[in-house]
Amino acid sequence: MLEAMIRVGLTGGIGSGKSTVARLLAEHGALVIDADRIAREVVESGQPALAEIAQRFGDDVIAPDGRLDRGALAAIVFADTAALSDLNAITHPRIAQRTAELISAAPDDAMVVYDMPLLVENDLAEGWDVVVVVEADRDVRIHRLIERGLDEADIEARMNRQATDEQRRAVADIVIDNSGDLRILEQAVDGAWSQIIAAKQGE
């Protein structure tokens, strides 16, 4: 049992296996908060953010069933940095508020892992006890994503919009290399778990 809460920021590029690391940390007993899941929750039907998005971007980004048409919205914001900034201004404060609520509700002796793909890109690496970065060789990541059905050109475009390995390492306390198989990754996560606890206890 931990003497106090440990707040861990977990990030990694698309195809790095970050979600698998989050799952393995959860199996160790961590409470995982998924930023992507929160981002989807705050724009669900009936949420104030969805109404603001429709007001800013028009009814074309709302599907016939009243839900957000993510594809239509993405087509707008990926080509327009000002539009993306407007979207972030609507969603980010609500995501931050919900994240803070979930962390506050966690037990005092929990290891809370905030799983956020864009931790570095959104300049949110500060304030965590430990930042864990998951990385893998670019070719390995591309192969994994093709197996998931993504188009290679789309993969390259997504990767190029994200932070580089060097930028992520610059904020990392722990780097987990997930270029190998699951057994190797499990061993790396075991080591990272012990390292996180030891670092906290050594303060």
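Residues numbered from 1 in each chain as written. Predicted model: local features only at pLDDT ≥ 70, side-chain atom pairs only at ≥ 80, totals over all residues. Heavy atoms only, no water.

**Looking at the nonpolar core**
Moving on, step 1. Grouped together as the largest cluster of nonpolar side chains are 28 residues, with contacts concentrated most on Ile53, Phe57, Leu68, Leu73, Val112 and Tyr114.
Moving on, step 2. Secondary-structure elements contributing two or more residues to this core are helix H2 (35–41), helix H3 (48–57), helix H4 (70–77), helix H5 (81–105), strand S3 (111–115) and strand S4 (130–135).
Moving on, step 3. When residues in this core are grouped by element, the largest group, five residues, is from H5.
Moving on, step 4. What Ile53 contacts, discounting residues up to four positions off in sequence, is Val43, Gly58, Val61, Leu68, Leu73, Leu87, Ile90 and Thr91.
Moving on, step 5. One finds Ile6, Val132, Leu185 and Val189 within the second-largest nonpolar core, a separate group that totals 21 residues. (Core = buried A, V, L, I, M, F, W, Y, C linked by side-chain atoms within 4.5 Å. Buried < 20%, exposed > 50% of the residue type's maximum accessible area, 1.4 Å probe, protein only. Helix = DSSP H or I, 4+ residues; strand = E, 2+ residues; numbered from the N terminus. Contact = heavy atoms within 4.5 Å.)

**Digging into the packing of H3 against H5**
A packed helix pair is summarised by two numbers, namely the angle formed by the two axes and the spacing between the axes.
Moving on, step 1. Taken N-terminus to C-terminus, the directions of H3 and H5 make an angle of 170 degrees; their axes are 10 Å apart at the nearest point. Comparing their axes, H5 and H3 come out roughly antiparallel. The handedness of the crossing between H3 and H5 comes out as right-handed. Along its contact with H3, which presents Pro48, Ala49, Glu52, Ile53, Arg56 and Phe57, the element H5 presents Ala83, Asp86, Leu87, Ile90, Thr91 and Arg94. (Axes fitted to C-alpha atoms, helices over the stretch in contact; angles between N-to-C directions. Parallel < 35°, antiparallel > 145°, perpendicular 65-115°, else oblique. Left-handed = near helix turned anticlockwise from the far one by under 90°.)

**A look at the layout of surface pockets**
Moving on, step 1. Its boundaries defined by the atoms lining it, the largest pocket holds a volume of some 1,800 Å³.
Moving on, step 2. Forming the boundary of the largest pocket are 49 residues, of which Asp36, Ala39, Phe78, Pro117 and Leu118 lie nearest the centre.
Moving on, step 3. Top element by residues in the lining of the largest pocket is H5. It accounts for nine residues.
Moving on, step 4. Residue composition of the lining of the largest pocket, grouped by class: 23 nonpolar, 13 polar and 13 charged.
Moving on, step 5. Taken as a whole, the second largest pocket encloses approximately 250 Å³ of empty space. (1 Å grid on protein atoms, 1.4 Å probe; cavity = no way out; pocket = protein on both sides within 12 Å on 5 of 7 lines; lining within 4 Å. Points joined across faces, edges and corners; volume = space filled by probe spheres on them. Nonpolar A, V, L, I, M, F, W, Y, C, P; charged D, E, K, R; others polar.)

**Side note on the sheet that holds strand S1 (residues 6–12)**
Moving on, step 1. One open sheet accounts for five strands, arranged S2-S3-S1-S4-S5; its pairing is parallel. Here the strands that pair on one side only, and so sit at the sheet edges, are strand S2 (31–34) and strand S5 (174–177). Averaged over all pairs of adjacent strands, the angle between strand axes in this sheet comes to 25 degrees, irrespective of strand direction.
Moving on, step 2. By the bridge criterion, five bridges tie S1 to S3 in an arrangement that is parallel. Its bridge partner lying in S3, Leu10 is registered against Asp115.
Moving on, step 3. This element, helix H1 (residues 18–28), spans S1, S2, S3, S4 and S5 of the sheet and lies at about 155 degrees to S1. (Pairing = 2+ DSSP bridges.)

**Brief notes about H1**
Moving on, step 1. Those residues of H1 that fall on the buried side of the exposure criterion are Lys18, Val21, Ala22, Leu24 and Leu25. Buried residues along H1 cover an arc of 165 degrees about the axis, so they all sit on one side. The exposed set on the far side of H1, more than 90 degrees from its buried face, consists of Ser19 and Glu27.
Moving on, step 2. With its phi angle positive at about 120 degrees, Gly29 sits one or two positions after the end of H1. (Arc of directions from axis to C-beta.)

**Regarding unusual backbone geometry**
Moving on, step 1. Positive phi, close to 55 degrees, is recorded for Asp123, a residue that is not glycine.
Moving on, step 2. Tracing the chain through its elements places Asp123 in the loop between S3 and S4.
Moving on, step 3. Classification of Asp123 as exposed rests on a relative accessible area of 66%.

**Digging into the pairing of S1**
Moving on, step 1. Along S1, six of the seven residues are buried, which leaves the element largely enclosed by surrounding structure.
Moving on, step 2. The pairing of S1 with S4 spans five bridges and is classified as parallel. Following the sheet pairing, Leu10 is matched in S4 by Val132.

**Comments concerning the pattern of salt bridges**
Moving on, step 1. Under the defined criterion, the tally for this structure stands at twelve salt bridges.
Moving on, step 2. A salt bridge links Arg56 to Asp86, with the shortest nitrogen-to-oxygen separation between them at 2.7 Å. Remark: Asp86 occurs in helix H5 and Arg56 occurs in helix H3; sequence separation between them is 30 residues.
Moving on, step 3. The partner of Arg67 in a salt bridge is Asp65, with the nearest N and O atoms 3.9 Å apart. (Salt bridge = Lys/Arg side-chain N within 4 Å of Asp/Glu carboxyl O.)

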